[in-house]
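Given next are the chains, with one letter for each unit.
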Amino acid sequence: MDIFNMTDEELVKYIKEVRSKLKGDLIIPAHHYINRDIVELADFSGDSYKLAVDVSRSKAPFVVLCGVRFMAESAAILAAEGQHILIPEIDALCPMAEMIDANVASLALEKIQSITAKEPAPVVYMNSYADSKSLCGKRGGSVCTSSNAEKIVRKYIDEGKPVFFFPDFHLGNNVAHNLGIKDELIVKVYRDISFEEGKNLREAQIFLWDGFCPIHQQWHAEDVHKAREIYKDAKIIVHPESQKEVVLLSDISGSTQKIYETIKNSSPGSSWVIGTEFTFVDRIKHTFADKNIYPLLESPCSNMKKITLLNTALAVQSVENFINGKGVLLNEITVSEELKKYSKVALEKMIEIVEGS
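What you are looking at is a predicted structure, and each value in this text was computed from that prediction instead of being measured.

(A) Layout of the overall build of the protein. The secondary structure content of the protein amounts to 14 helices and 14 strands. A globule of 357 residues ought to have a C-alpha radius of gyration of about 21 Å, and the protein, at 21 Å, matches this closely. Overall, the C-alpha framework of the protein stretches about 65 × 55 × 35 Å when taken along its three principal axes. Here the protein holds 357 residues, and the buried ones make up 56% of them. Considering only contacts within the protein whose residues lie at least 6 apart along the sequence, 63% involve residues at least 24 apart. Distance between charge centroids for the protein: 4 Å, based on 41 positive and 50 negative side chains.

What follows is the structure, given as structure tokens:
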């Protein structure tokens, strides 16, 4: 079967036929930022955390996860024994997750401890690779999501521990200000592991890695002001990976899943300006056609665009062939047992903190 010469309609038909033939042995989850034609055929969609949890609850032995690589890694960490996690495009990366690794994070922790004379607690955003999550598990830290980061950070601050938050500066900065941490006690950590000047390093409560999402960093305060002028009756909702000034000027901030649920549950005829990835904004504009939806800026994620119907179909074909004893699985994502062990510790710590609060 020559998948390369199929039309989009034929690719969709092929993917659905193979999935139906495999009778529950194959599922296709898709992140919210993936192209609409793939999300519409997916078994379920969600943000990175929701996808990992939903995959872990599935008994399907084969998962073609339509998202960037750290999402497939997160699913592989939580996957059941014998469950195979595939990604359609191995080079679909997350620039923010690429901005730090466990070795650099470990050096930053050592430097923070040498200055504060306290054991710092590492808190890593879900949008990170397994080595970073594993480091947090080893060092008594936690994973967090954009929805629960505030609770996680508060827990460690209340224990008198300085927090090293990575890789996203803006999410960490928004959390710190929501918690009322004084500006002089919020310290940026640069890529060379030097610290922001003019801060009280010894008493600092949170150290923020200088990482960012290239999409969510694109808009600024003036973009919010402009949106207010153009869409006078609209509420503005943005992702907390946005700059602090943007979040403060907006009506609501929240995770991709929160944005989705907020728009879904809003009144027909309501108007919204959304500050997050454009492919997602464009899709929910069609999904919730009874609302007036506008992007803060048209800013698609180029890495999410790498996931196409063609490479999704090729991943599905590799599952079909593998089951029939022909060939190998395409772009299977695996995580070593050690990384998986300590990543789970950090994920379990997150659950413990959130459910215990």
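After that view, the rundown keeps rolling.
(B) Expanded view of the pattern of salt bridges. Considering all chains together, one arrives at 14 salt bridges under this definition. Its salt-bridge partner being Lys 349, residue Glu 352 comes within 3.5 Å of it at the nearest N-O pair. A residue pair is termed a helical-turn pair when its members lie 3 or 4 positions apart in one helix, as Glu 352 and Lys 349 do in helix H14 (residues 337-356) at 3 residues. Here Lys 349 falls in the partly exposed class, since its relative accessible area comes to 22%. Linked by salt bridges that have partners in common, Lys 155, Glu 159 and Lys 161 make up one network.

(C) Quick peek at unusual backbone geometry. A cis amide bond, omega 5 degrees, links Phe 166 with the succeeding residue Pro 167. Within the fold, Pro 167 resides in the loop between strand E8 (163-166) and helix H8 (169-178). Of note in this structure, Lys 23 is not a glycine but carries a positive phi near 50 degrees. The topology assignment puts Lys 23 in the loop between helix H1 (8-21) and strand E1 (26-27).

(D) Focus on the state of the cysteines. Taken as a whole and assessed by the stated rule, the structure comprises 0 disulfides. With no disulfide of its own, Cys 213 lies 6.7 Å from the sulfur of Cys 94, the closest cysteine sulfur. Among the residues examined, Cys 213 registers a relative accessible area of 12% and is labelled buried.

(E) Here's a closer look at the side chain of Ser 48. Relative to the helices and strands, Ser 48 is located in helix H3 (residues 48-56). On the basis of relative accessible area, Ser 48 is assigned to the buried category, the value being 11%. A distance of 3.5 Å separates polar atoms of two side chains, one belonging to Ser 48 and the other to Asn 127.

(F) Structural view of the sheet that holds strand E9 (residues 186-189). With parallel pairing, the 5 strands of this open sheet are ordered in space as E7-E6-E8-E10-E9. Edge positions in the open sheet fall to strand E7 (142-144) and E9, since each of these has one partner strand only. Averaged over all neighbouring strand pairs, the angle between strand axes comes to 25 degrees, with direction disregarded. Note: E8 against strand E10 (residues 206-209), 3 bridges, orientation parallel. Within E10, the residue paired with Phe 165 across the bridge is Leu 208. Running at roughly 155 degrees to E8, helix H5 (residues 102-116) makes contact with strand E6 (121-125), E8 and E10 of the sheet.

(G) Quick look at the sheet that holds E1. The parallel open sheet is built from 3 strands, whose spatial order is E1-E4-E5. Both edges of this open sheet fall to E1 and strand E5 (84-86), since each of them pairs with a single strand only. As paired elements, E1 and strand E4 (residues 62-64) share 2 bridges and run parallel to each other. The partner of Leu 26 across the bridge, within E4, is Phe 62. Seen against the sheet, helix H13 (residues 309-323) touches E1, E4 and E5 and runs at an angle of roughly 165 degrees to E4.

(H) Region of interest: the nonpolar core. Judged by nonpolar contacts, the single largest core of 125 residues is most densely connected at Leu 26, Phe 164, Phe 165, Ile 206 and Ile 274. What Leu 26 contacts, discounting residues up to four positions off in sequence, is Val 18, Arg 19, Asp 43, Ala 60, Phe 62, Val 64, Val 316 and Val 319.

(I) Just the packing of aromatic side chains, in detail. All told, the structure shown has 7 aromatic pairs when counted by the stated rule. Among the aromatic residues, ring-to-ring pairing joins Phe 164, Phe 166 and Trp 209 into one connected group. Taking NZ or CZ as reference, Lys 111 lies 5.5 Å from the ring centre of Phe 195, over its face. Over the ring of Phe 169 we find Lys 188; its NZ or CZ atom is 4.2 Å from the centre of that ring.

Calculation criteria
Residues numbered from 1 in each chain as written. Predicted model: local features only at pLDDT ≥ 70, side-chain atom pairs only at ≥ 80, totals over all residues. Heavy atoms only, no water. Helix = DSSP H or I, 4+ residues; strand = E, 2+ residues; numbered from the N terminus. Rg over C-alpha atoms; globule rule 2.2 N^0.38 Å. Buried < 20%, exposed > 50% of the residue type's maximum accessible area, 1.4 Å probe, protein only. Contact = heavy atoms within 4.5 Å. Lys, Arg positive; Asp, Glu negative; His and termini not counted. Charge placed at Lys NZ, Arg CZ, Asp CG, Glu CD. Salt bridge = Lys/Arg side-chain N within 4 Å of Asp/Glu carboxyl O. Disulfide = S-S within 2.5 Å. Polar contact = N/O pair within 3.5 Å; in protein donor to acceptor, adjacent residues only side chain to side chain. Pairing = 2+ DSSP bridges. Axes fitted to C-alpha atoms, helices over the stretch in contact; angles between N-to-C directions. Core = buried A, V, L, I, M, F, W, Y, C linked by side-chain atoms within 4.5 Å. Phe/Tyr/Trp six-rings, centres within 6.5 Å; stacked < 30°, edge-to-face > 60°. Lys NZ or Arg CZ within 6 Å of the ring centre and 35° of its normal.

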